[in-house]
Structures are given as C-alpha cells and as structure tokens.
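Structure at a glance
Okay, here's what each chain looks like letter by letter:
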Amino acid sequence: MLDIKITRAEKLKEKPDDSVLGFGKYFTDHMFVMDYSDGIGWHDARIVPYGPISLEPSAMVFHYAQEMFEGLKAYRTASGEIQLFRPDRNIARMNNTAKRLCIPQIPAEDALQAIETLVKYEQDWVPHSEGTSLYIRPFVIATDPMLGVHPAHNYVFMIILSPVGSYYAGGLDPVKIFVEKEYVRAVKGGTGQAKCGGNYAASLIGQEKAEKYGCEQVLWLDGVHHKYVDEVGSMNVFFVIDGEVVTPELTDGNILPGVTRMSCIELLRSWGMKVTERKVEAAELFEAHRAGKLDEAFGTGTAAVISPIGVLNEDGNAITINNNEIGPISQRLYDELTGIQWGKVEDTHGWTVKI
Ligand code: COI
C-alpha cells in the first residue's frame, strides 16, 4: 500500500461551467506524482498542486519518446456517488504498454490506489451535467538526463485530471472518417497495441490530411498490405455488415485493445448478437455499401464513448452510412454503456468501482 503524502494547493481554481468543457482543456487543482529509480523502485508517492514540472533538456523522454499513458474516466451518478469504469483493465493495459517500452511495471494495486485517492481528493471536480465526466490521464516518462539510446533508469509516474464533455464538438453526431492509404500508424511487431505518445505523433500527418478532406479522423489501414482496417487513432472501429457486427481482430498487435471495444463486444454478445473479430478489408466496406449491406459503422473509445461514423472518404470518394444518422446498434450500445457508467442502468457485469 502506498503512503501518499498530500500537499494542498494554496489557492483553488475556479471551476469551468459544464457547458464549456469540451475535451482536455481544463485541469484540476492537484496531480499525483511518484518517482522511480533503479535499485529503489517506485517511491515518494504524493499529491501536489497541479503545475509545471522541471526536467533537464536532456531528459530521455524528449529525445527517444520513452513514454506511455492511459485514459479512463470517473462518473458522477444521479445520487452524487462517483465511480470508475473498469479501472483494472486500463491498469493491466498500462503494464502491457510498460513491458513493450521497457518501463518498469507499476503494481496494479498501487496504480488503483493512486487513481482512487486523487479522484477522491478532487471529487468536487467531477462534473454533474449529463454527458460529462472527469477524464483521468495517468502517464509515465523517462527522466534520465542522458542521450545514449537505452532504457532509462529513472521515471516519473503522474496522474492528471480533466473535467470533460464530448470528445467531438458534435457530440453524438456522426463523424466523417478519411481512409488513409499512404501513411500507416502501426505494423506487426511495432507499438500499435501499446498506448504510447509516439503512436499519436506518427498519426498527426494523417489527421492533417483528413481535415483537408473535411474529415474529423483517419481510418488507419494495416502497415503491410495497406488494405485491412486497423483503427481510427483515438477509437477502435466496428461495422455492421448485413446485420452482423464485425470489428478488426487484435491478433497482429497493430491495434490498441480498447476497454470500450472489449465492453461493447461483451454487451453485444450478452444480447445474443454475433460479433466477429476478423480482418476487415477497406474495399469490403465500399463493396458492402454498394450492395446496400453496410448498415452501420461506429468508433468506440474512452474519450469518444460511441461515435457513429456517417461518412467514409477514400481518395475523395465518399460514402454515406445509414443516412449520416446514428444507427440502432450504436444507439443501444451508447445507452447501455453510458447508462452503466453514469449509474442509470444496473451494472450486472461488475464493471464499476465506487470511490
Ligand atoms: C482515450 O480514449 O482515452 C484516448 O486515450 C484517446 C485519446 C488519445 C484522446
């Protein structure tokens, strides 16, 4: 069990109105910090005022991107309680990422204690309005002041909190997605399944391109054939083809194993629906659309929740899915998932953790 020392901020910030939150623009009064050094392990767990940190310009994270992060949320229920959604899954994924990036493991119980203690300390920051939550961003950076390329010997684990509304400005409105055929996000054996900043840096050029085509996000294809669908950068992706739900399989290690993805698959199966995890060719989607069989498409993610996809744009050839409206499966998943998260629907799966 961590001994977490708390230093209270001298002045607390004014909290933003729930209506202006957006995503990741505001940060709470405090943050969690814990250091790691070889030979000592993780030590000096503390909650301190949120603010700038001091690192040497030679700190390894700035040069070789030895860094990882996670994203989960705390929700306020109608009765005012605060709960997390499947934090054990995020923590397990964080330690898988750590392994891939040669970052020391953080004991799962310590990571959970850190998250719970910080969220509890900042509980007044969990927003009340429908559709809002407190986004939790744990991350680890390598801090050795050293330019040799090898795993660092010193790290900092931090957790910051941000009250959020919708990830996309349009909320549940369907998004437009650009099929990227030039750049790739990940290849087999790379870091696609890890949650590390480098993956997102590599995705920015595709994102810029997508925006030029009037799209919000990129649909990444596999790095070898440039043919099979991987994911949408900030979301996993599902398609309903001729009544069957399909989603790209995780087997090649290119795709982030999303907690929302996993929860949607479990929910759909619990409703007796068939969900197939398999390779999905981008061309198959356009073909299914031509045949009138591409019923729905949607993205899933902690930040994005369920995000209907209204348009797929490949080389300027744009197809509209389900009349650019949210489909019945996306809507049902959204209602059930957010119902559980905000405590409106009974959690029969044991997914929520009260704080
Ligand atoms: C999340 O859904 O929590 C993410 O980390 C996506 C993000 C990069 C905004």
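Residues numbered from 1 in each chain as written. Predicted model: local features only at pLDDT ≥ 70, side-chain atom pairs only at ≥ 80, totals over all residues. Heavy atoms only, no water.

**A few points about the site of the ligand**
The immediate surroundings of the ligand are formed by Phe23, Phe69, Gly71, Tyr135, Arg137, Tyr167, Lys195, Tyr200, Thr302 and Ala303. Thr302 has a polar backbone atom sitting 3.3 Å from an oxygen atom of the ligand. When the ligand sits alone it has 290 Å² of accessible area, and the protein chains cover 90% of it. Partitioned by chemical class, the residues of the shell around the ligand number six nonpolar, two polar and two charged. (Near = heavy atom within 4 Å. Polar contact = N/O pair within 3.5 Å; in protein donor to acceptor, adjacent residues only side chain to side chain. Areas by Shrake-Rupley, 256 points an atom, 1.4 Å probe, with all protein chains shown as cover. Nonpolar A, V, L, I, M, F, W, Y, C, P; charged D, E, K, R; others polar.)

**Topic: the nonpolar core**
Grouped burial of nonpolar side chains is what soluble globular proteins tend to show. Core analysis: the biggest nonpolar cluster contains 38 residues, and Phe32, Ile136, Phe157 and Ile159 have the highest contact counts within it. Looking at this core element by element, the count peaks at five residues for helix α3 (residues 108-121). Filtering out sequence-adjacent residues up to four positions away, Phe157 remains in contact with Phe32, Val33, Met34, Trp42, Met94, Ile106, Pro138, Phe139 and Val140. (Core = buried A, V, L, I, M, F, W, Y, C linked by side-chain atoms within 4.5 Å. Buried < 20%, exposed > 50% of the residue type's maximum accessible area, 1.4 Å probe, protein only. Helix = DSSP H or I, 4+ residues; strand = E, 2+ residues; numbered from the N terminus. Contact = heavy atoms within 4.5 Å.)

**Thoughts on helix α5 (residues 259-270)**
When the terminal C-alpha atoms of α5 are compared, their 16 Å separation across 12 residues agrees well with the 16 Å that a helix rising 1.5 Å per residue should span. Among the residues making up α5, those that are buried are Val259, Thr260, Arg261, Ser263, Cys264, Ile265, Leu267 and Leu268. Positive backbone phi, approximately 85°, marks Gly272, located one or two places after α5. (Expected span 1.5 Å × (residues − 1).)

**Some remarks on the domain arrangement of the chain**
When cut into domains, the chain gives domain 1 (5-164) and domain 2 (175-341). With centres defined by C-alpha atoms, the gap from domain 1 to domain 2 works out at 27 Å. Taken together, the contact pairs 19 residues of domain 1 with 21 residues of domain 2. Carbon and sulfur atoms supply 58% of the area that domain 1 and domain 2 bury against each other, a total of about 1,800 Å² over both sides. Considering only the surface of domain 1 that becomes buried against domain 2, Phe69, Phe85 and Arg93 emerge as the three largest contributors, covering 34% of it. Across the domain 1-domain 2 interface, the total number found is one salt bridge. Here Glu266 and Arg86 are joined by a salt bridge, their closest N and O atoms 3.3 Å apart. (Domains from an automatic or database assignment. Buried area = accessible area lost by both parts, 1.4 Å probe. Salt bridge = Lys/Arg side-chain N within 4 Å of Asp/Glu carboxyl O.)

**Notes on the side chain of Thr77**
Its place among the elements puts Thr77 in the loop between β5 (72-76) and β6 (82-85). According to the relative accessible area criterion, Thr77 is buried, its value standing at 8%. In contact with Thr77, other than residues within four places in its own chain, are Gln83, Trp342 and Gly343.

**A short note on a nonpolar patch on the surface**
Side chains of Tyr64, Leu147 and Val149 sit close together on the surface and give an oily, nonpolar patch of about 320 Å² of accessible area. With respect to the secondary-structure elements, Tyr64 resides in helix α1 (residues 60-64). Overall, the relative accessible area of 36% leaves Tyr64 in the partly exposed class. (Patch = residues over 30% accessible without salt bridge, like charges linked within 9 Å, V, L, I, M, F, W, Y side chains within 5 Å.)

**Comments concerning the packing of aromatic side chains**
Across all of its chains, the model carries 12 aromatic pairs by this definition. Centre to centre, the rings of Phe69 and Tyr200 are 5.2 Å apart; their planes meet at 55°, and the pair counts as tilted. On the criterion of sequence distance, the pair formed by Phe69 in strand β4 (residues 67-69) and Tyr200 in helix α4 (residues 197-212) is long-range, its members being 131 residues apart. Residue classification places Phe69 among the buried positions, given a relative accessible area of 8%. (Phe/Tyr/Trp six-rings, centres within 6.5 Å; stacked < 30°, edge-to-face > 60°.)

**A look at the pairing of strand β2 (residues 30-37)**
Across the eight residues that make up β2, a large majority, eight, are buried. On β2, burial covers both faces: His30, Phe32, Met34 and Tyr36 on one face and Met31, Val33, Asp35 and Ser37 on the other are all buried. In this structure, β2 lies alongside strand β3 (residues 41-49), joined through seven bridges in antiparallel fashion. Residue pairing across strands places Met31 opposite Val48, the latter belonging to β3. Between the end of β2 and the start of β3, which pair antiparallel, lie three residues, with Gly39 showing a positive phi angle near 90°. One ladder, built from six bridges, connects β2 with strand β8 (residues 154-164); its direction is antiparallel. Paired with Ser37 across the strands is Asn154, a residue of β8. (Pairing = 2+ DSSP bridges.)

**A word on unusual backbone geometry**
Phi is mostly negative for residues that are not glycine, and the peptide bonds are mostly trans. A positive phi angle, close to 60°, is found at Asn323, a residue other than glycine. Relative to the helices and strands, Asn323 is located in the loop between β16 (317-320) and α7 (328-341). Judged by relative accessible area, Asn323 falls into the exposed class, the value being 63%. Within the chain, Asn324 stands out as a residue other than glycine whose phi angle is a positive 60°. Within the fold, Asn324 resides in the loop between β16 and α7.

**As for the pattern of salt bridges**
Pairing is possible between side chains of opposite charge, provided their charged atoms come close. Evaluated as defined, the whole model comprises 19 salt bridges. Note that Glu287 is salt-bridged to Arg290, the shortest N-O span being 3.0 Å. With Glu287 and Arg290 both in helix α6 (residues 282-290) and three residues apart, this pair spans about one turn of that helix. Given a relative accessible area of 42%, Glu287 falls into the partly exposed group. Among the charged side chains, a salt-bridge network with shared partners connects Lys188, Glu249, Asp252 and Lys279.

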